[in-house]
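# Inside the fold
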Amino acid sequence: MNAARFDRQLALLGVEGQSRLRAAKVAVVGAGGTGSVVVPELALLGVGHIIIIDHDAVEESNRNRHFCARHDDAIPGTAKVDIARRTVNEFDPSITVEVIPESLLSVAAFQAVRSADYVFGCVDLEGVRLVLLELCMAFSKPYFDIATGVEAGPPPMYGGRVCCSLPGGGCLSCLGELDAAEAGRDLESSEQRRDREAIYGVNRAALGAHGPSVVSINAVVASLAVTEFMKLCTGLSAPTRLLKYDGGMSRVSPRRDAPAADCYYCKGIAGAGADASSDRFIKCNV
Ligand SMILES: [Zn+2]
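Residues numbered from 1 in each chain as written. Predicted model: local features only at pLDDT ≥ 70, side-chain atom pairs only at ≥ 80, totals over all residues.

### As for the overall build of the chain
Here is the rule: Elements are defined by DSSP. Helices are runs of H or I of four residues or more, strands are runs of E of two residues or more, and each kind is numbered from the N terminus. Only C-alpha atoms enter the radius of gyration, while the globule expectation follows 2.2 Å times N to the 0.38, with N the number of residues. Each residue is classified by how many other C-beta atoms fall within 10 Å of its C-beta atom, where C-beta atoms are placed from the backbone; a count of 20 or more means buried, 12 or fewer means exposed, and values in between mean partly exposed. Each residue is represented by a C-beta atom placed from its backbone, and any two residues with such atoms within 7 Å are regarded as in contact.
Helix and strand content of the chain: nine helices and eight strands. For the chain, whose C-alpha radius of gyration is 19 Å, the value lies close to the compact-globule estimate of 19 Å for 286 residues. Considered along the principal axes of its C-alpha atoms, the chain spans approximately 65 × 50 × 40 Å. Among the 286 residues that make up the chain, the fraction classed as buried is 42%. Long-range pairs, those at least 24 residues apart, make up 70% of the contacts in the chain between residues at least 6 apart in sequence.

In structure tokens form, the structure reads like this:
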């Protein structure tokens, strides 16, 4: 370990804690608004192995909040995973970086998540959250899920939350932070979607809709998640299961509810591994 490099944080984390960060393999799913904060922070903290999963390319409208994008990165033509890797390499070339330029619902991404010690979800689709939760609980990976929300109002509402799902110890689902109905719509096949829309009509408001997204709000929530990860990884203290950030009220509120006794993810499939059959999601269209 380069003790001089980490001199200012060793007093808090200790040599053992810093060594745990260096030994950790962390997967970050989504390298957009929040993922582009998480990845550099993990690198600066001293995480030794980072896996970045994202199949998107940078768009001009990402430039207001993407920490890894430079003004001269070509648009179109710049993969988010590549500029995230570049940022890590520029901070510390000794860090091992793997990139998976594919959807989470791919063989390569599933293998990468299963190989990690910790997983961050920096995504905005509820269906992807559900799959990540199942995969992480089945393979006993602590899962840090990040969500931000901005509504122009009136009145304007803005903030987000971090949910730390620990195998057998409380999760997105039993903390009420997973919209199963929306996740189901995200994960349906094209045939199922066509049939549903034939009956209920097309939700045009949801087609191509993008809500507001603001750099400072993303960074607050992403940094809260990285801090909870740091607490768990180094042994500093137990992470808080749910942190809610209300930007308008300038408040972060913790929740420490016990896991639900009958939670499918915390009890039903926790540690089940391949028996949870999570590979069935690889065929979905998200
Ligand atoms: Zn649960």
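Read on for the rest.
### As for the pairing of strand 4 (residues 118-121)
Regular strands place their side chains on alternate faces of the sheet. Short version of the rule: Strand pairing follows a simple DSSP-based rule, namely that at least 2 bridges must link the two strands.
Alignment of strand 1 (residues 25-29) against strand 4, held across four bridges, turns out to be parallel. Pairing of valine 28 across the sheet is with phenylalanine 120, part of strand 4. Two strands pair when backbone bridges link them, and strand 4 and strand 5 (residues 143-151) are joined in this way by three bridges, in the parallel orientation. Across the sheet, residue phenylalanine 120 finds its bridge partner in strand 5, namely phenylalanine 144.

### Observations regarding the nonpolar core
This is how it is decided: Put simply, a nonpolar core is buried Ala, Val, Leu, Ile, Met, Phe, Trp, Tyr and Cys residues tied into one set by C-beta atoms within 7 Å.
Judged by nonpolar contacts, the single largest core of 77 residues is most densely connected at Val28 and Ala225. Non-local contacts of valine 28, meaning those with residues more than four positions away in its chain, are made with Gly35, Val38, Val39, Ile50, Ile51, Ile52, Ile53, Phe120 and Cys122.

### Side note on the sheet that holds strand 5
Keep this limit in mind: Only the stretch in contact is used when a helix axis is fitted, and all axes are lines through C-alpha atoms; the angle between N-to-C directions ranges over 0 to 180 degrees.
In space, the eight strands of this open sheet follow the order 3-2-1-4-5-6-7-8, with mixed pairing throughout. In this open sheet, the two edge strands, each paired with only one partner strand, are strand 3 (96-100) and strand 8 (251-255). Direction aside, the axes of adjacent strands within the sheet are offset by 15° on average. Sheet topology places strand 7 (residues 242-246) next to strand 8; five bridges connect them, and they run antiparallel. Paired with leucine 242 across the strands is arginine 255, a residue of strand 8.

### Considerations on the environment of lysine 283
Tracing the backbone shows lysine 283 in the segment after helix 9 (264-268). For lysine 283, a count of 9 C-beta atoms within 10 Å puts it in the exposed group. In sequence terms lysine 283 and leucine 105 are 178 residues apart; their C-alpha atoms lie 7.2 Å from each other.

### Focus: the packing of helix 2 (residues 35-45) against helix 8 (residues 215-234)
How two helices pack is summed up by the angle between their axes together with the distance between the axes. We apply this condition: Here the word oblique covers every angle except those under 35 degrees (roughly parallel), over 145 (roughly antiparallel) and from 65 to 115 (roughly perpendicular). Left-handed describes a crossing whose near helix is turned anticlockwise from the far helix by less than a right angle; the clockwise case is right-handed.
At a closest axis distance of 9 Å, the pairing of helix 2 and helix 8 adopts a crossing angle of 40°. Here helix 2 is positioned oblique relative to helix 8, judged by the angle of their axes. Of the two possible hands of crossing, helix 2 and helix 8 adopt the one that is right-handed. Contacts from Val37, Val38, Glu41, Leu42 and Leu45 of helix 2 reach helix 8 at Asn218, Ala219, Ala222, Ser223, Ala225, Val226 and Met230.

In short, shape yes, function no, at least from these values alone.
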